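Summary of the model geometry
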Amino acid sequence: MSRINAYIDGSLFLNGTRGQGMSMDMDLLGLVKSLVPGDEIGTIYYFGALSPQGVYPDRHDHDKLIAERFALQGAVTRLFPVEVRAHITFPKGIEAALSTQMVLDAATDAFDTALVISKRAELADPIQAVKKLGKSVTVIFYEYEVDPGNPLAGCADTYAALPATMVIEHRKGGPWPIFPY
Amino acid sequence: MDKQRLSVAHLLRPVGRRTLGPAMIAEGVPYDHPDELSTHLDLARSYDDLQPYLNFTIVQSRATLAAHRNIQDIRIGSRNEERVDVFPAKSAKAPIVIFVHGGWWHKMTRKSWNYVANGFLGHGYAVVVSDYALCPKVRIPDISNATRGAVAWAYEHAAEINGDKERIFLVGHSAGGQQAGMMAVTDWAAYGLPADVLKGVAPMSGIFDMRPIKASYLQTYVQLNGETVLSESALFQIPDVAPPIQVMVGQEESGEFHRQARLFVEAYRAKGHRAEHVTTPFEDHSTYTYALGNPESPSCTAIVEFFRSC
């Protein structure tokens, strides 16, 4: 049995989930357990983006609500304000916070394997650092027909595409994307 | 010789958002700066990752085409892009719904939006997914005429798709929501159709006052002028006779979409017409439209129940 910490790139995970018609109202702990069956789950970290309140007041509130729900399930959650440059929004701080936490946890022997739920290419170097500290890294994330693969797949010890059906199985409420035909 | 000392003081400017002053914003555009307004409208770049949203429309549309009888690429206008994909109803004399896609008038085609047919087919409708040539190849008045062409086609070919020409409805999303507003205020008699050819219209996340569009980054694509910014604003064209409308918006959308919806609903009611205003909780600009693919979703049932009441 391996000790697992999960590091969730909440901004990409939220887009991948909602963008495919699914709900963020889910059993996150149950989902993580199903991704690494038989292993011991340590800490689940969720690093999310906080939409600009002035432009998206309700989305801003819902970003916080999603994080609060995950915190109630035992996850450690952190939200980072989205930066607006001209009229383009940029999530800032997620990759730095996720990387710092993961490397720090590796250095303090907090896990055997880091489960990284992301496809953010900037996490490649931190993943290599974790491996140099003697830990293994598993990367799991959605793959899309319009954007196949994952830039982190090559640097992880193990990689798998995250099937939407596994996320839907852990839905607690909200939209249901499997349509009756 | 002393080295020449270079000063960069003249290059330094205060850090932060520039304030260009009220003269830079047109009448009817209640924002301090064009960038502030554009942030409300730049939907694609409001997402950290747009790919799953694009993926959804492609995958679900393909599944819908595979699951239901359909006729694709029927030409309804002079331009090659002005075509419709049609999903005949299972039973004759069914209500017809025309769907107009979005994409800020310069992106997307009907092929990514055929998935909406699944929801309405589940309620017994015949479905027409319309299309148009994109800006800047054309201008928005051309797009409005293409949508009118789709309405005319549905009326004149209703029986061929098991439809009832006396029960034609229209739904549009985003830029298609602007089109839906324009179809609601069109003088159909001028186009050789019954004045009440549309029995109900549901604009989703529509723009009804185009002045903010002209003041935003989208003007680069759509090239509105002093005339078309008003003539393509349904807000300024509400006639004495008009069909019932149901203006819809996702709760999580930016403030400008909520403001536009309120403006149009208030103006429509002020003319004595029926205007419902529906805000779908916990959904955003895209996600509540995706739910149209599910007959049992809040979005689909809200529209079908509204049409039933028209």
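Going by the structure above, here's the rest.
Residues numbered from 1 in each chain as written. Chains lettered and ligands numbered in written order. Predicted model: local features only at pLDDT ≥ 70, side-chain atom pairs only at ≥ 80, totals over all residues.

Here's the deal with the overall build of chain A
When helices and strands are counted, chain A shows 6 helices and 7 strands. Mapped in sequence order, the helices and strands of chain A form the string β-α-α-β-α-β-β-α-β-α-β-β-α. Here the C-alpha atoms of chain A give a radius of gyration of 16 Å, agreeing with the 16 Å that 2.2 N^0.38 yields for 181 residues. With respect to the three principal axes, the spread of C-alpha positions in chain A is 45 × 45 × 35 Å. Of all 181 residues assigned to chain A, the portion counted as buried reaches 46%. Within chain A, contacts between residues at least 6 apart in sequence are counted, and of these 67% link residues at least 24 apart. (Helix = DSSP H or I, 4+ residues; strand = E, 2+ residues; numbered from the N terminus. Rg over C-alpha atoms; globule rule 2.2 N^0.38 Å. Buried ≥ 20, exposed ≤ 12 C-beta atoms within 10 Å, placed from the backbone. Contact = placed C-beta atoms within 7 Å.)

Topic: the overall build of chain B
On a plain count of helices and strands, chain B comes out with 11 helices and 8 strands. Whereas a compact globule of 310 residues would reach a radius of gyration of roughly 19 Å, chain B reaches 21 Å, a difference of no more than 12%. Principal axes of the C-alpha set define a box for chain B whose edges measure 95 × 40 × 40 Å. Within chain B, buried positions represent 52% of all 310 residues. Sequence-distant contacts in chain B: of pairs separated by 6 or more residues, those separated by 24 or more amount to 74%.

So, the sheet that holds strand S7 (residues 245-250) of chain B
Strand pairing within a sheet occurs via backbone hydrogen bonds; the two strands may be parallel or antiparallel. Residues and elements named next belong to chain B. The strand order across the open sheet formed by 8 strands is S1-S2-S4-S3-S5-S6-S7-S8, and the pairing between neighbours is mixed. Taken across any chain shown, the strands that pair with only one partner, and hence form the sheet edges, are strand S1 (71-75) and strand S8 (275-280). In this sheet, neighbouring strand axes are inclined to one another by 20° on average, regardless of whether the strands run parallel or antiparallel. The pairing of strand S3 (residues 94-100) with strand S4 (residues 126-130) spans 5 bridges and is classified as parallel. (Pairing = 2+ DSSP bridges. Axes fitted to C-alpha atoms, helices over the stretch in contact; angles between N-to-C directions.)

Here we look at the packing of helix H4 (residues 94-107) of chain A against helix H5 (residues 124-132) of chain A
Residues and elements named next belong to chain A. Contact pair H4 / H5: the axes reach a minimum separation of 9 Å and the direction vectors enclose 5°. Considering the angle they form, H4 stands roughly parallel to H5. In this structure, H4 contributes Ser-99, Met-102, Val-103 and Ala-106 to the contact, and H5 contributes Pro-126, Ala-129 and Val-130. When grouped by side-chain class, the residues that make up the contact of H4 with H5 number 6 nonpolar, 1 polar and no charged. (Parallel < 35°, antiparallel > 145°, perpendicular 65-115°, else oblique. Nonpolar A, V, L, I, M, F, W, Y, C, P; charged D, E, K, R; others polar.)

Quick look at the sheet that holds strand S3 (residues 76-85) of chain A
Residue and element names in this part refer to chain A. Read from one edge to the other, the open sheet built from 7 strands follows the order S4-S3-S2-S1-S5-S6-S7, with strand pairing classed as mixed. A strand with exactly one partner marks an edge of an open sheet, and here the two such strands are strand S4 (88-91) and strand S7 (158-161). Averaged over all adjacent pairs, the angle separating strand axes in this sheet is 20°, with direction ignored. Relative to strand S5 (residues 113-117), strand S1 (residues 3-9) runs parallel, the two being bridged by 5 bridges. Across the sheet, the residue bridging to Asn-5 is Ala-114, located in S5. Strands strand S2 (40-50) and S3 of the sheet are contacted by helix H3 (residues 57-72), whose axis makes an angle of about 170° with S2.

A short note on helix H4 (residues 140-156) of chain B
With 17 residues, H4(B) should reach 24 Å at 1.5 Å per residue; the first-to-last C-alpha distance of 24 Å fits that figure. B:Ile140, B:Ile143, B:Ser144, B:Ala146, B:Thr147, B:Arg148, B:Gly149, B:Ala150, B:Val151, B:Trp153, B:Ala154 and B:Tyr155 are the residues of H4(B) that are buried. (Expected span 1.5 Å × (residues − 1).)

A few points about the interface of chain B and chain A
In many reports, interface size means the accessible area that the parts give up when they come together. Taken together, the contact pairs 37 residues of chain B with 32 residues of chain A. Those elements that provide at least two residues to the side of chain B that touches chain A are helix H1 (34-41), helix H2 (51-67) and helix H10 (287-290) of chain B. Counting residues per element, the side of chain B that touches chain A draws most heavily on H2(B), at 11 residues. Taken together, the residues of the side of chain B that touches chain A break down into 14 nonpolar, 16 polar and 7 charged.

Let's talk about the pairing of strand S2 (residues 83-87) of chain B
Residue and element names in this part refer to chain B. For S2, the tally of buried residues reaches 5 of 5 residues, placing the bulk of the element in the interior. Neither face of S2 is exposed, since Arg-83, Asp-85 and Phe-87 on one face and Val-84 and Val-86 on the opposite face are all buried. Sheet topology places S2 next to S4; 3 bridges connect them, and they run antiparallel. The residue bridging Val-86 from the neighbouring strand is Val-128, located in S4.

Brief notes about the nonpolar core
Ranked by size, the top nonpolar core spans 89 residues in total, and within it B:Ile96, B:Ile98, B:Val127, B:Val151, B:Ala154 and B:Leu170 carry the most contacts. Sorting elements by how many residues they give to this core places H4(B) first, with 8 residues. (Core = buried A, V, L, I, M, F, W, Y, C linked by C-beta atoms within 7 Å.)

Notes on unusual backbone geometry
Residues and elements named next belong to chain B. Residue Pro-136 is bonded to the preceding Cys-135 through a cis peptide linkage, with omega at 5°. Relative to the assigned elements, Pro-136 resides in the loop between S4 and H4. Positive phi, normally seen in glycine, also occurs at Trp-104, with a value near 50°.

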